[in-house]
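Spelled out from the first residue to the last, the chains are:
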Amino acid sequence: MGFSSFLGRVLFASLFILSAWQMFNEFDASGGPIAKELIPKLTVVRRNLSSKLGVAIPDINVRPVIASIIFLKGVGGILFVFGSTFGSYLLLFYLALSTPILYDFYNYRPNNPEYNLLLNDFIQSTALFGALLFFIGLKYSIPRKQFRKKTPKAKTV
C-alpha cells in the first residue's frame with residue numbers, strides 16, 4: 001500500500017509539477033504564452049464583475065497572477081508528493097480560482113466548437129478537484145497511531 005500510494009501521488013502531482021515547470025521556462029517580461037490566453041479571459045471577468053457589482057474594477061496585472069499560478073502548482077505538487085495536506089490545499093486553491101476563469105464554457109453557445117473543448121477541460125479540472133478532496137478526506141479519516149501506556153507487569157516473588 002505504501003509504494004502504490006506514493007506512486008499514485010507522484011503520477012497525480014506530475015501533472016501540476018510539469019505544467020508549472022513549463023510555465024516557469026516560458027515566463028518572460030510579458031508573462032509568456034499563457035498571458036495571451038489569460039488577458040482576454042481576465043478582461044471578461046473584470047467586465048462581468050464590474051457590471052454585477054456596479055463599481056469599476058481596475059485592470060489586473062497578469063504577471064503576478066501567472067507567478068502565483070506557477071507557485072501554487074509547483075509547490076503544491078511537490079508537497080502533495082510527500083503526502084502533505086497543505087500541498088493539496090494549495091492545489092485546491094489553484095483549481096478553485098483558475099478553473100472557472102480559464103475554462104469559461106459558459107460564455108459560448110453549445111453549437112460552438114470552442115464550447116465542447118472548454119467544457120471537457122472544465123469537467124477534467126473538476127474531477128481533479130474532487131480527487132484532491134478525496135485525498136484530504138482520506139487523510140483525515142485514517143486514525144493516527146496512538147501510543148498506549150504500557151501496563152506494568154506484576155512482579156512474581
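Residues numbered from 1 in each chain as written. Predicted model: local features only at pLDDT ≥ 70, side-chain atom pairs only at ≥ 80, totals over all residues. Heavy atoms only, no water.

### What about the side chain of aspartate 104?
- The topology assignment puts aspartate 104 in the loop between helix H4 (85–102) and helix H5 (113–141).
- A polar contact of 2.8 Å, which involves the side chain of aspartate 104, links it to the side chain of lysine 41.
- Look past the residues within four positions of aspartate 104 in its chain and what remains in contact with it is Lys41 and Leu118. (Helix = DSSP H or I, 4+ residues; strand = E, 2+ residues; numbered from the N terminus. Polar contact = N/O pair within 3.5 Å; in protein donor to acceptor, adjacent residues only side chain to side chain. Contact = heavy atoms within 4.5 Å.)

### A look at the nonpolar core
- Within the largest apolar cluster, 28 residues are counted, with the highest numbers of intra-cluster contacts made by Phe16, Leu38, Ile66, Phe80, Tyr94 and Leu132.
- Mapped by element, the contributors of at least two residues to this core are helix H1 (2–26), helix H2 (33–53), helix H3 (62–81), H4 and H5.
- Ranked by the residues each element gives to this core, the list is headed by H3, at seven residues.
- The contact partners of leucine 132, leaving out residues within four places of it in the chain, are Phe12, Phe80, Ser88, Leu91, Leu92 and Leu95. (Core = buried A, V, L, I, M, F, W, Y, C linked by side-chain atoms within 4.5 Å. Buried < 20%, exposed > 50% of the residue type's maximum accessible area, 1.4 Å probe, protein only.)

### So, the packing of aromatic side chains
- Scanning all chains against the criterion turns up eight aromatic pairs.
- Here phenylalanine 16 and tyrosine 94 contribute two aromatic rings whose centre-to-centre distance is 6.4 Å and whose plane-to-plane angle is 90°, an arrangement assigned as edge-to-face. Placement of phenylalanine 16 in helix H1 and of tyrosine 94 in helix H4 is noted, with a sequence separation of 78 residues between them.
- Ring geometry for phenylalanine 105 against tyrosine 115: centres 6.0 Å apart, planes inclined by 70°, an arrangement best described as edge-to-face. Note that phenylalanine 105 is positioned in the loop between H4 and H5 and tyrosine 115 in helix H5, a separation of ten residues in sequence.
- We classify phenylalanine 105 as buried; its relative accessible area is 17%.
- Ring pairing ties together the aromatic residues Phe12, Phe16, Phe80, Tyr94 and Phe135, which thus form one cluster. (Phe/Tyr/Trp six-rings, centres within 6.5 Å; stacked < 30°, edge-to-face > 60°.)

### Notes on a nonpolar patch on the surface
- A cluster of nonpolar side chains, Phe3, Phe6, Leu7, Leu11, Ile78 and Phe82, forms an exposed patch at the surface whose accessible area comes to about 670 Å².
- Within the secondary structure layout, leucine 7 lies in helix H1. (Patch = residues over 30% accessible without salt bridge, like charges linked within 9 Å, V, L, I, M, F, W, Y side chains within 5 Å. Areas by Shrake-Rupley, 256 points an atom, 1.4 Å probe, with all protein chains shown as cover. Salt bridge = Lys/Arg side-chain N within 4 Å of Asp/Glu carboxyl O.)

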